[in-house]
Amino acid sequence: MADHGHDRGDGLRVEHHFENADQQYQSAKLGMWIFLGTEILFFGGLFVAYSVYRANHPEVFVFGHHFLDKGLGALNTVILICSSLTAAWAVRAAQLRQIGMLKLMLTLTMLCAFGFMGVKTVEYNSKWKHGLLWAGSYEPHLDHTDPATDLIHNEDFEDGGDIEGVDAVETDESGTADVESAPTDTDRSAIDPAAVGPPGLAGPEPEAEGEEALEIEPANAQVYFSIYFLMTGLHGIHVLAGIGAFIWLLLCARRGDFDTGHFTRVDMVALYWHVVDLIWIYLFLLLYLI
Amino acid sequence: MAEEISAPVGVANVDHAGSDDNYLNHGKGILSWLFTLDHKRIGVMYLVAILSSFFLGGVFAMLLRSELWTAGQTIMTADTYNKMFTLHGAVMIFLFIIPGIPATLGNFVLPLMLGAKDVALPRLNLASFWLWLTGASFAVVSIIVGAVDTGWTFYTPYSTTTGTAVISMTLGAFILGFSSIFTGLNFIVTIHKMRPEGMTWFRMPLFLWGIYSTAIIQVLATPVLGITLLLLVAERALGVGIFDPALGGDPVLYQHFFWFYSHPAVYIMILPAMAIMSELISTFSGKHIFGYRFIAWSSIAIALLSFLVWGHHMFTSGQSGLTNMIFSALTFSVAIPSAVKVFNWLATMYKGSIRLAAPMLYALSFLFLFAIGGLTGLFLGSLSTDIHLHDTYFVVAHFHYVMFGGTVIAFLGGIHYWWPKIFGRMYSERWAQLSALLIFVGFNLTFFTQFVMGSHGMPRRYYNYLEQFTPYHQASTVGSFILALGFLIMAGYLLHSLVRGEKAPANPWGAATLEWETTSPPAYYNFKHDMRAGDPYDLDALRFEPSLGGYVRRDPSSVLATTEGVE
Amino acid sequence: MTATHFGRMLLARFAMMPDPEDGSFWMPPQVSTVAHSVDWLFNFILAISVFFFVLIVAVMVIFVLKYRRREGQDAAPSPSHNMALEITWTVIPVVLVIVIFFFGFKGFLDMATPPANAYEVLVEGQKWNWSFTYPNGYVDENLHVPVDRPVRLVMSSSDVIHSLYVPAFRIKMDVVPGRYSKAWFEATEPGEYDLFCAEYCGTSHSDMLAHVIVHPPGEFEPWLEKASNFLETMSPVDAGRKLFQVRGCMQCHSMDGSAKTGPTLLGVFGRSENMADGSTITVDENYIRQSILEPNARVVAGFEPVMPTYQGRLKDAEIMAIIEYLKAPEGAPQEE
């Protein structure tokens, strides 16, 4: 048996430690599936955090999700699903050595990915403008005419809103107490009152101001945004990594790496991309829709 | 120096003797090592890296044990002491023992046992090593800029509010986690796709069953550590508040996340050690392993059950009684497969032909020390006793008995076993025996007293302690110095063997697994011919060949594949 | 404990029946109602462990001696599997661990279920001391309890996770910020016992000690009465020092000259301080009182306005005592 890589005859290179091209391909495929398994577990931790917090404080999630625009979320979902289609098509093109089609599909996939990031930028920007960030930086302020009472109106809800006249509780700046300097007696005034908490910790219910309040900002509403940014942020990083991978594939295609019908790389990246898409679908469901 | 050992009868795979052209000298210069795709070189680099980490972690241990000589301040302040035990734990766990056996012996031996030329994904293997180097660099940077004082467990809210270099250390651990994932991934693919002709799953050496089970855990558990550490970094850097009660978070949630990885992690540590044990006991008893299938399945069982018991680290955390009960019950289940292995190893020795070579001395030490370690786990799995023993020195003693007395001892046994294969040299048996004895005695003196201290209520991670505990601590510190001496001697004779050791034959011990069918050290391409697997424990298929000073197969063609190329 | 005492204890205790009062080779004295069952289970598991350990090591040693390699002699043929043996040495451990689990669980249930008439003490853990609030509002740095009466602890932390551990009672429970955790015990023997923090919490984790003082029958109530009136029984300076230690002042204000979250109060009385608003004041009784009741009205320059108010939490007489303590020439904490 030769101790160096050998050609299959039609130019396909088999690494020296593999017996044949099929073993090489099967190894790559198994490896990629295992890697994707690790990605699922990686995100899984965040899904568990979501589940735990939602189970304990459903009102926080119901309240928070009104600040997400379902339309934009749906648009992103469609974009990613289309990009999965173009990625799969790219694999097929590579298998059939249709290099032109391959390059087209890779480019379209990347455009979709950029589009996704663009929409995300718009959404993140809006959150930033309104101070709807993760817990440590949560300072909601909504730009309309009545800053004094800081009420949340219909138009503040990016999803069009079906809540009328909601009162925002003034979250004062130091509502997020530094743990180090927390008072030592059983004075919990620095801890936000819990909506549902153990006896002794619940504070006074936030007073409804003025107009009829149909929904009150629950205590610890900021937890929703922490989870939102963690989950979508990590997902966004994976989208960026995917863009990088597609750029690499395009360069390989231009270099002629796929002329021999060796399509494993395209297949593997496309698999990764499908998982990124799948994770987004769950994020859309859990964060935007329910 | 190579005295020519002519290609002898019965060693079909060796077409030239000695070590003139082997993987060590094939390709010169540091870049040929740093950019190698050869699993053997990667294994050796890992060995150097990991043993250096063991030394570093050991230095921290000696420092903290020295501080504990007296009940008050001895040689350092409380803050420094807190950093010492944190760094000892973090370095030993993340840099040494988790990569430990798989990255070093696993990398080197796995493809050879499969008669293969390399692992399935050699570039990923190299990436794994570079990630180790990167993660280790972050850890070293963290140590230099002020180190960490949170304990290796980084419990919140302390870890999110302390002023020490937590972010760099946790990022280091995060990167090291990926090194571990890639190693595990590689091994799973290799074992699935690259077994030779004749090697069905149940004809695989048990070392590979152990490595495989470990790889399953590495791949499934480590990502959860990854996300946990990422959340910790996000909490410190951005204030996401997920573990901060003042922001609506839950500090105990961190513990669940952390232990969901860290409990399976301890089986990442012990399964490879048990894997080595099967090889050592069989070879040095001159007998087929007893209960092959039971040992194989017990490795898988341990891997799967390990995911179900993390809550036993949290019996006093305030979680519900029902949760406690479930975790306690499941914890006992994971004890059973380990016990089964121990009994099977003992049965292997029955009516054997036992040689007390250095690897076997370590295997016997393992049986003694792991028995204590495992049995003391019963006290901790049981709810009412654990309430008393949790967070005391009893726990410290327990995990040192299993991690050190178990994993490290088996690792040492494996190093001594495969040393001739890896480096082509024999070490001094006399010095090895002395070192093994010192380590055994030193270890017990260091750690047994800690059980008694702990059950008397001595809490762990204590800089100052009550006077009544002084004798225990002093005995422990004395033991640690004896341990250190044993290791220094070991470093001495092993390094000496590299330059002056007797050249090793292909099969010095008479083992039947495939790595012994090639030269010591192997050629860079591993095997000249395609290999076929027989029964990996059929020791009768070998006989001692005095002219070689080693063992040969009675029928060399039995391990050659039936395809072309046989001379 | 001296070396000779240790040695004698080893000899006397290990092989013989443990004396619950003085503890045994393995355990501290049994001073609570659950200690006996915990120790019993410990000894049960110990017996099983010793049995199996001796068995394993003995078999190993015997085999090594008996089957030592002899020249020219290979291992005698013997089977490499035996189903009956595998089943036996699987089933027996399974049965044993089920038994151990059952007793552990049963003991735990007792430890987790306080009786209905338990005497309740609130516990606050902080870096790095404990404070215990009795039902009448009195706060002490040690835990005093009556003997033979169930006591329920309701605990929380004001900063990081701590853990309350009394080895002599065999109880332990984590003390977590943002929630209450509970533990209970019933002491059976008057005396003084160690209380440790058992969850690492930083620099002085190992100094976070307290004592549990178990009062003989009839002595607890008088003690509480007297202690609660410390303002009458102690000098104002001593009372002020006590308040300073147990009411949380020490956490932010050192008495050794070092600035922490708040300025050091060593020698503060009569000191000239620069305020955050640019003015300068001399620290007198009025300023101290105002700092306690309206802490963020006038803040020393360089410090954050984070001190919580003690309005409604300290009586006037207590504030007076604190002022007196801060006036004392060396307001350093008393050596324990």
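Residues numbered from 1 in each chain as written. Chains lettered and ligands numbered in written order. Predicted model: local features only at pLDDT ≥ 70, side-chain atom pairs only at ≥ 80, totals over all residues.

A.B. asks: Looking at this model, I keep getting lost on the overall build of chain B. Mind explaining?
C.D. replies: Along its length, chain B carries 16 helices and two strands. On C-alpha atoms alone, chain B measures out to a radius of gyration of 24 Å, which is about the 24 Å that the 2.2 N^0.38 rule sets for 567 residues. Along the longest, intermediate and shortest principal axes, the C-alpha atoms of chain B span 75 × 45 × 45 Å. When each of the 567 residues of chain B is scored for burial, the buried share is 67%. Pairs at least 24 apart in sequence give 82% of the contacts found in chain B among residues at least 6 apart. (Helix = DSSP H or I, 4+ residues; strand = E, 2+ residues; numbered from the N terminus. Rg over C-alpha atoms; globule rule 2.2 N^0.38 Å. Buried ≥ 20, exposed ≤ 12 C-beta atoms within 10 Å, placed from the backbone. Contact = placed C-beta atoms within 7 Å.)

A.B. asks: Is there a simple way to think about the sheet that holds strand β8 (residues 181-186) of chain C in this case?
C.D. replies: Sheet strands associate in pairs through backbone hydrogen bonding, adopting either a parallel or an antiparallel arrangement. Residues and elements named next belong to chain C. Here five strands make up an open sheet; going across it, the order is β3-β2-β1-β5-β8 and the pairing mixed. Pairing within the sheet leaves two strands with one partner each, and these edge strands are β3 (139-140) and β8. Relative to strand β2 (residues 129-133), strand β1 (residues 119-126) runs antiparallel, the two being bridged by five bridges. For glycine 125, the partnering residue across the bridge sits in β2 and is tryptophan 130. (Pairing = 2+ DSSP bridges.)

A.B. asks: Just checking my understanding: could you explain the domain arrangement of chain C for this structure?
C.D. replies: The parts lose accessible area when they come together, and the size of an interface is often stated as this lost area. Residues and elements named next belong to chain C. Looking at the assigned domains, one finds that chain C contains domain 1 (12-59 + 82-112), domain 2 (119-228) and domain 3 (231-327). When each unit is reduced to the centre of its C-alpha atoms, the spacing between domain 1 and domain 2 is 29 Å. Tallying the contact residues gives nine residues for domain 1 and 12 residues for domain 2. Residues belonging to the side of domain 1 that touches domain 2 are distributed by class as follows: seven nonpolar, two polar and no charged. (Domains from an automatic or database assignment. Nonpolar A, V, L, I, M, F, W, Y, C, P; charged D, E, K, R; others polar.)

A.B. asks: Help me understand the confidence of the model for chain B in this model?
C.D. replies: Reading fine detail from the predicted coordinates is not recommended where pLDDT is low. Summarising the model, chain B shows a mean pLDDT of 93, and 96% of its residues fall at 70 or more. Scored below 50 in pLDDT, residues 1-19 of chain B shows 42 contacts in the model against residues more than four places distant or in partner chains. (pLDDT = per-residue confidence, 0-100.)

A.B. asks: What exactly am I supposed to notice about the sheet that holds strand β10 (residues 210-215) of chain C here?
C.D. replies: Residue and element names in this part refer to chain C. One open sheet holds the five strands; their spatial order is β4-β10-β9-β6-β7, and the pairing between them is mixed. For this open sheet the edge positions go to β4 (143-146) and β7 (171-175), each flanked by a neighbour on one side alone. On average, each strand axis in the sheet is inclined to that of its neighbour by 20 degrees, with strand direction left out of account. Of the strand pairs in this sheet, strand β9 (residues 191-197) and β10 are connected by five bridges, and their pairing is antiparallel. From the neighbouring strand, tyrosine 193 faces β10, where its bridge partner is valine 212. Set on the sheet, helix α4 (residues 220-228) makes contact with β4 and β10; between it and β4 the angle comes to about 145 degrees. (Axes fitted to C-alpha atoms, helices over the stretch in contact; angles between N-to-C directions.)

A.B. asks: Would you mind going over the pairing of β4(C) with me for this structure?
C.D. replies: Residues and elements named next belong to chain C. Residues Leu143 and Val145 of β4 are buried on one face, and the alternating residues His144 and Pro146, pointing to the opposite face, are buried as well. Where β4 lies against β10, four bridges are found, and the strand directions are parallel. Paired with leucine 143 across the strands is valine 212, a residue of β10.

A.B. asks: Explain the confidence of the model for chain C here, please?
C.D. replies: All names here are of chain C. Taken as a whole, chain C shows an average pLDDT of 88; of its residues, 91% reach a score of 70 or greater. In the model, residues 15-19 has pLDDT below 50 throughout and makes four contacts with residues more than four positions away in sequence or in other chains. A low-confidence stretch, residues 332-336 stays under pLDDT 50, and its non-local contacts, those more than four residues away or across chains, total five contacts. Model confidence for the complex: the whole-complex pTM is 0.87, and ipTM, which rates the interface, is 0.92.

A.B. asks: What's the story with the packing of helix α14 (residues 393-423) of chain B against helix α15 (residues 429-455) of chain B in this structure? I'm lost.
C.D. replies: All names here are of chain B. At a minimum axis distance of 7 Å, the contact between α14 and α15 shows a crossing angle of 165 degrees. Considered as vectors, α14 and α15 are oriented roughly antiparallel to each other. Crossing hand, α14 versus α15: left-handed. For the pair α14 and α15, contact is made by Tyr393, Phe394, Val395, Val396, Ala397, His400, Tyr401, Phe404, Gly405 and His416 and by Ala432, Phe443, Phe447, Gln450, Phe451, Met453, Gly454 and Ser455, respectively. By residue class, the composition of the contact of α14 with α15 is 12 nonpolar, six polar and no charged. (Parallel < 35°, antiparallel > 145°, perpendicular 65-115°, else oblique. Left-handed = near helix turned anticlockwise from the far one by under 90°.)

A.B. asks: Quick question: what am I supposed to make of the packing of helix α8 (residues 285-293) of chain C against helix α9 (residues 316-327) of chain C here?
C.D. replies: All names here are of chain C. Where α8 contacts α9, the axes come no closer than 10 Å and their chain directions differ by 125 degrees. Classified by the angle between their axes, α8 and α9 sit oblique to one another. Between α8 and α9 lies a crossing of right-handed hand. For the pair formed by α8 and α9, the contact residues are Glu285, Ile288, Arg289 and Ile292 on the first element and Ile319, Ile323 and Leu326 on the second. Looking at the contact of α8 with α9, its residues break down into five nonpolar, no polar and two charged.

A.B. asks: Would you explain the environment of A:Gln23 in this entry?
C.D. replies: Of note, A:Gln23 is situated in helix α1 (residues 21-56). Other than its neighbours up to four places away in sequence, A:Gln23 contacts A:Phe18 and B:Lys193.

A.B. asks: Teacher, can you tell me more about the nonpolar core here?
C.D. replies: General note: in soluble globular proteins, nonpolar side chains tend to be found buried as a group. If you look at the biggest cluster of nonpolar residues, it comprises 332 residues, and the most contacted ones within it are A:Ala90, B:Ile188, B:Met277, B:Ala363 and B:Leu367. Among the elements that line this core, the one with the most residues is helix α9 (residues 251-285) of chain B, at 21 residues. Discounting chain neighbours no more than four positions away, the residues touching B:Met277 are B:Trp345, B:Ala363, B:Phe366 and B:Ala410. (Core = buried A, V, L, I, M, F, W, Y, C linked by C-beta atoms within 7 Å.)

A.B. asks: Please clarify how helix α10 (residues 292-305) of chain B should be interpreted in this entry.
C.D. replies: Residues separated by three or four positions in an α-helix point in the same direction, a consequence of the helix having 3.6 residues per turn. With 14 residues, α10(B) should reach 20 Å at 1.5 Å per residue; the first-to-last C-alpha distance of 20 Å fits that figure. All buried positions along α10(B) are accounted for by B:Tyr292, B:Phe294, B:Ile295, B:Ala296, B:Ser298, B:Ser299, B:Ile302 and B:Ala303. (Expected span 1.5 Å × (residues − 1).)

A.B. asks: Help me understand the interface of chain B and chain C, please; the structure alone is not making it clear to me.
C.D. replies: Contact residues are listed per partner, giving 75 residues for chain B and 73 residues for chain C. Elements with a minimum of two residues in the side of chain B that touches chain C: α3 (78-97), α6 (158-161), α9, α10, α11 (321-349), α12 (358-381), α13 (383-389) and α15 of chain B. No other element matches α11(B), which puts 15 residues into the side of chain B that touches chain C. Of the residues that constitute the side of chain B that touches chain C, the class distribution is 42 nonpolar, 26 polar and seven charged.

A.B. asks: Looking at this structure, how should I read the pairing of strand β2 (residues 550-553) of chain B?
C.D. replies: A regular strand carries its side chains on alternate faces of the sheet. Residue and element names in this part refer to chain B. Relative to β2, strand β1 (residues 542-545) runs antiparallel, the two being bridged by four bridges. Bridge pairing in β2 places leucine 542 opposite arginine 553. Here β1 folds back onto β2 in antiparallel fashion, the turn holding four residues, of which glycine 549 has a positive phi close to 70 degrees.

A.B. asks: What is the right way to look at α11(B) in this model?
C.D. replies: For α11(B), spanning 29 residues, the distance from its first C-alpha to its last is 44 Å, which sits close to the expected 42 Å at 1.5 Å a residue. Looking one or two places after α11(B), you find B:Lys351, whose phi comes out positive at around 55 degrees.

A.B. asks: Help me understand the environment of C:Tyr200 in this model?
C.D. replies: When you line up the elements, C:Tyr200 lands in the loop between β9 and β10. Look at C:Tyr200 and you get buried, because 25 C-beta atoms sit within 10 Å. C-alpha separation for the pair C:Tyr200 and C:His162, spaced 38 residues apart in sequence, amounts to 6.8 Å. For C:Tyr200, the contacting residues outside a window of four places in its chain are B:Gly151, B:Arg461 and C:His205.

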